[in-house]
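As a plain string of letters, each chain reads:
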Amino acid sequence: MTRGCKFSFHVAIVIAAITYIYLSTVFVFIDRWFGLWSSPGMLHTVVFTFLALMCISSYRLAIYTDPGRVPASFVPDIEDATNPIHEIKRKGGDLRYCQKCSHYKPPRAHHCRICNRCVLRMDHHCVWMNNCVGHANYKIFFVFVVYAVTACVYSLVLLLGSITVDSQNDIDDSDRIIHVISGLLLVPLSLALGFFLGWHIYLIVQNKTTIEYHEGVRAMWLAEKGGQLYSHPYDIGVYENLTAILGPTILFWLCPTTGHVGSGLRFQTNLLHSAHGGRG
């Protein structure tokens, strides 16, 4: 399912950064180090262009893909013996009901005050995409981060190589300015995206969302305080967690497509049953 996208200042910044990094890498770093039309130069250009295209395509899909809507007809069936888990409110113990959307929330769904609706398996609202990251676009978002980290580190290596070559020759002031700006952009961007990628790899392996991680810290503290052992209810094993998010075929894990099959609510229900069965 696709959605409309309103103009966002943060999205414009991301597009401008991708454009600047691509142009400076190809027409300055690669050209100064290898020569743009040499065999190594053309090879690096092809590889970096592929990374840039994957970044752009996955970023566009992450923006325009609806993260997952709660069906208006959804009502939890508390008498259904095949549904092992019903999430309840922290206070009162009632079934989770969204007052703003006026409907019940299925497990792992949360209300986004920015999108003004409930999102299935919501991870967070990303201002850099002007969209929520949820059930339907989480894999696409993750793939974008993978290619963005790879492209930034690759560009940084090419930047260092071109600086080494330029230090032995006279360079224009314009090239020197590009080197400085690119270094100030690529170093913190590579570190931040690298940390972000590591964080989401950890979440995928544990089958958690960012929201569930923070809720789990509190739940673990309460469980330990009561002398009990806490375990995340949706963890079905490392490989199963990976395939649940990235898809069953390893070769397609880095393709910017949804990794799961079927509707969001049906997929979450099946995952609930799998998690319960693995603990039974």
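See the structure printed just above.
Computed from a prediction, not measured in an experiment: that's the story for all the values here.

(A) Molecular detail of unusual backbone geometry. Although it is not a glycine, Ser102 sits at a positive phi angle of roughly 60 degrees. Assignment of secondary structure puts Ser102 in the loop between strand 1 (97-98) and strand 2 (103-104). Positive phi outside glycine occurs at Arg108, with the angle close to 75 degrees. Here Arg108 lies in the loop between strand 2 and strand 3 (110-112).

(B) How the structure looks around the packing of aromatic side chains. Within this structure, the stated rule accounts for 11 aromatic pairs. Here the aromatic rings of Tyr59 and Phe144 are separated by 5.0 Å at their centres, their planes lie at 35 degrees, and the arrangement is tilted. Residue Tyr59 is found in helix 2 (residues 39-64), and its partner Phe144 is found in helix 3 (residues 138-166); the two are separated by 85 residues along the sequence. For the pair Tyr59 and Phe144, one class covers both residues: buried. For the pair Tyr202 and Tyr213, a centre-to-centre distance of 6.3 Å together with 80 degrees between the ring planes defines the contact as edge-to-face. Separated by 11 residues along the polypeptide, Tyr202 in helix 4 (residues 173-206) and Tyr213 in helix 5 (residues 210-225) bring together distant segments of the chain. Its relative accessible area of 25% is what places Tyr213 among the partly exposed residues.

Cut-off values and rules
Residues numbered from 1 in each chain as written. Predicted model: local features only at pLDDT ≥ 70, side-chain atom pairs only at ≥ 80, totals over all residues. Heavy atoms only, no water. Helix = DSSP H or I, 4+ residues; strand = E, 2+ residues; numbered from the N terminus. Phe/Tyr/Trp six-rings, centres within 6.5 Å; stacked < 30°, edge-to-face > 60°. Buried < 20%, exposed > 50% of the residue type's maximum accessible area, 1.4 Å probe, protein only.

From the geometry alone we can't say anything about function, so treat these as descriptive.
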